[in-house]
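Observations on chain architecture
Chain by chain, the residues:
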Amino acid sequence: VHVRGRSVFCFRAAPAVLTLPPPPPVSVPIETRVQVQESVRGKDVFVIQTVSKDVNTTIMEMLILVYACRTSCARSITGVLPYFPYSKQCKMRKRGSIVSKLIASMMCKAGLTHLITMDLHQKEIQGFFNIPVDNLRASPFLLQYIQEEIPDYRNAVIVAKSPASAKRAQSFAERLRLGIAVIHGEAQDAESDQVDGRHSPPTVKTSRAIHPSMDIPLLIPKEKPPITVVGDVGGRIAIIVDDIIDDVDSFVAAAETLKERGAYKIYVMATHGILSLDAPRFIEESAIDEVVVTNTIPHELQKLQCPKIKTVDISIILSEAIRRIHNGESMSYLFRNIGMDD
């Protein structure tokens, strides 16, 4: 193009197309809404809630449903939680909190008048509630499974994978007339006092004392001995018992120790089978022959991943508890032969 004696070169470029990335999806929180479709005025309501993987949503669903029944003038509201969530957080951990106490307070505040649960991690959790709590036991079902499904169970020994679970193992052993063994050693127990801030003072003296004239003695730090098995498991069937099986590392380590000590078959029995993360794969690759849990928590997917996992149905005792509470009958029948240590 010639413009006033000057040559101007113009290049026609293709129009640029600016493609903006799509806006990120707006994270709209999904709220739980409850609407009772029929009248519950003056009626006994039983709210059955099974804990899922999303435990926080499970808790909110129950709280909202209980509160909806309360505002609808229900005569009584009984919560049926086969597994009480956050039950492992029932002690103060350093600067943490007692979460199970918080959950209990929220349930009572929402309007719960009675709670039915099974094998609380610590029986003292019942004291967190100001309403009646029926802590049912799954041990009769597990004992029946041992007697009917484990061949030659008379040649078995009940094993506690840590001293903390020795009482439960002793209860099983006394009822089956079997021996008991306890694993003690290097494996750090999650329930030990060492992780409790109140029982773990600094290991060295600091220069900042409370008062120059005060010399507070320090607690000697714990040092666990090499892992040992107290009891004879050689040539025996080892049955490890506990209340919850979630992180299976400790169970796998216990099974390897028992195998080294001569146990030829190893069972793991627990009430609540959480079996989170890669637990089915670890069980399948371990020395454990069978894991027996109840159906307080759904674990169908884990059973597909690991055929070693077996289920014991405990629904009959929950339904009987509901029937007795509704009819005003005594609950003592469901607690026959259960002592203070069970």
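Shown above is the structure to which this text applies.
Residues numbered from 1 in each chain as written. Predicted model: local features only at pLDDT ≥ 70, side-chain atom pairs only at ≥ 80, totals over all residues. Heavy atoms only, no water.

Glancing now at the side chain of Q49. With respect to the helices and strands, the residue Q49 is situated in the loop between β3 (44–48) and α1 (55–71). Side-chain polar atoms of Q49 contact the backbone oxygen of T58, separated by 3.0 Å. Among all residues touching Q49, those that are not within four sequence positions of it are T58, E61, M62, V80, L81 and P82. (Helix = DSSP H or I, 4+ residues; strand = E, 2+ residues; numbered from the N terminus. Polar contact = N/O pair within 3.5 Å; in protein donor to acceptor, adjacent residues only side chain to side chain. Contact = heavy atoms within 4.5 Å.)

With parallel pairing, four strands are arranged side by side in an open sheet as β3-β4-β5-β6. In this open sheet, the two strands that pair with only one neighbour each are β3 and β6 (133–136). Each neighbouring strand pair of the sheet contributes to a mean axis angle of 15°, computed without reference to strand direction. Sheet topology places β3 next to strand β4 (residues 76–81); five bridges connect them, and they run parallel. Within β4, the residue paired with F46 across the bridge is T78. Here α1 sits on the sheet and contacts β3 and β4; the angle it forms with β4, its principal contact strand, is near 165°. (Pairing = 2+ DSSP bridges. Axes fitted to C-alpha atoms, helices over the stretch in contact; angles between N-to-C directions.)

On to the sheet that holds strand β9 (residues 228–230). Taken together, seven strands build an open sheet; the order of strands is β9-β8-β7-β10-β11-β12-β13 and the sheet is mixed. Edge positions in the sheet fall to β9 and β13 (309–312), since each has one partner strand and no second. On average, adjacent strands in this sheet sit at an angle of 25° to one another, irrespective of strand direction. Alignment of strand β10 (residues 237–245) against strand β11 (residues 265–273), held across eight bridges, turns out to be parallel. The residue bridging V241 from the neighbouring strand is M269, located in β11.

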